[in-house]
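Structural overview
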Amino acid sequence: MSIRDGDIVYEKVRVRFAYDELVELVRDLGFEDEKTIDILVKAVAYYAADPTRTIEKAFTKIDEETGVSYKAIAMRLRRAIEKAEKNGELKYIDRYIPGACYDYDYGCTVKGLIALIYYRLSDNDLIIVKNEY
């Protein structure tokens, strides 16, 4: 089991997801840096596994795996979102995530983007979450 296989277990919850489709969606949204893409994919997977849907737990788990601090993860993703907004792709998020609306006044938050990606995958059965009790 690994993130690249689209299969993880986190806190007794198994998350199976379409890794290639997730990476493609993230790239379509304007993310280019491979390390950032990897972190965003992990954040979506760990966010899916947490029944309370808190981003803090996802970032803490990524910190444990990679050694990149919680704050550095948040900042890296924030900068990547700003770059994707500037290059124009994220502003057309509804092309890739039907029903999503870009807020031209406030932009997109890190947690908001992760949640939108998760729900897009979930709605299309591209991410499956099961308890492993």
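Here goes a summary of the coordinates provided.

Here is what the cut-offs are and how they apply
- Residues numbered from 1 in each chain as written.
- Predicted model: local features only at pLDDT ≥ 70, side-chain atom pairs only at ≥ 80, totals over all residues.
- Heavy atoms only, no water.
- Pairing = 2+ DSSP bridges.
- Helix = DSSP H or I, 4+ residues; strand = E, 2+ residues; numbered from the N terminus.
- Salt bridge = Lys/Arg side-chain N within 4 Å of Asp/Glu carboxyl O.
- Buried < 20%, exposed > 50% of the residue type's maximum accessible area, 1.4 Å probe, protein only.
- Axes fitted to C-alpha atoms, helices over the stretch in contact; angles between N-to-C directions.
- Arc of directions from axis to C-beta.
- Contact = heavy atoms within 4.5 Å.

**Observations regarding the pairing of strand 1 (residues 7-10)**
- Relative to strand 2 (residues 13-17), strand 1 runs antiparallel, the two being bridged by 4 bridges. Paired with Val-9 across the two strands is Arg-14, which belongs to strand 2.
- Linking strand 1 back to strand 2 in an antiparallel pair, the connection comprises 2 residues, with Glu-11 at a positive phi of about 50 degrees.

**Focus: the pattern of salt bridges**
- The tally for this structure, following the rule as stated, stands at 10 salt bridges.
- Notably, a salt bridge pairs Lys-57 with Asp-50, separated by 3.9 Å at the nearest N-O pair.
- Here Lys-57 falls in the partly exposed class, since its relative accessible area comes to 35%.
- Residue Asp-50 is classed as buried on the basis of its relative accessible area, which comes to 2%.
- Arg-78 is the salt-bridge partner of Glu-82, the closest N and O atoms lying 3.4 Å from each other. Taken together, the residues span about one helical turn, with Glu-82 and Arg-78 both in helix 4 (residues 70-86) at a distance of 4 residues.
- Salt bridges linked by common partners bring Asp-7, Arg-14 and Arg-16 together as one network.

**Description of unusual backbone geometry**
- Backbone geometry places Glu-11, a non-glycine residue, at a positive phi of 50 degrees.
- With respect to the element layout, Glu-11 can be found in the loop between strand 1 and strand 2.
- One non-glycine residue with positive phi stands out, namely Asp-125, at about 55 degrees.

**Topic: the sheet that holds strand 1**
- With respect to topology, 3 strands assemble into an open sheet ordered 1-2-3, the strand pairing being antiparallel. Edge positions in the sheet fall to strand 1 and strand 3 (127-131), since each of these pairs with one other strand and no more. Adjacent strand axes in the sheet meet at a mean angle of 20 degrees when their direction is disregarded.
- Where strand 2 lies against strand 3, 5 bridges are found, and the strand directions are antiparallel. Considered in strand 3, the bridge of Val-15 is made with Val-129.

**Focus: helix 1 (residues 19-28)**
- Every buried residue of helix 1 is listed here: Tyr-19, Leu-22, Val-23, Leu-25 and Val-26. Down the axis of helix 1, the sector holding all buried residues measures 160 degrees, keeping them to one side.
- Its buried side turned inward, helix 1 meets strand 2, helix 2 (34-49), helix 5 (93-96) and helix 6 (110-123).
- Count one or two residues on from helix 1 and you reach Gly-30, which has phi positive near 110 degrees.

**Regarding the environment of Leu-22**
- Relative to the helices and strands, Leu-22 resides in helix 1.
- Measuring from C-alpha to C-alpha, the distance between Leu-22 and Pro-51 comes to 20 Å, with 29 residues separating the pair along the chain.

Function cannot be read off these values alone, since they describe shape.
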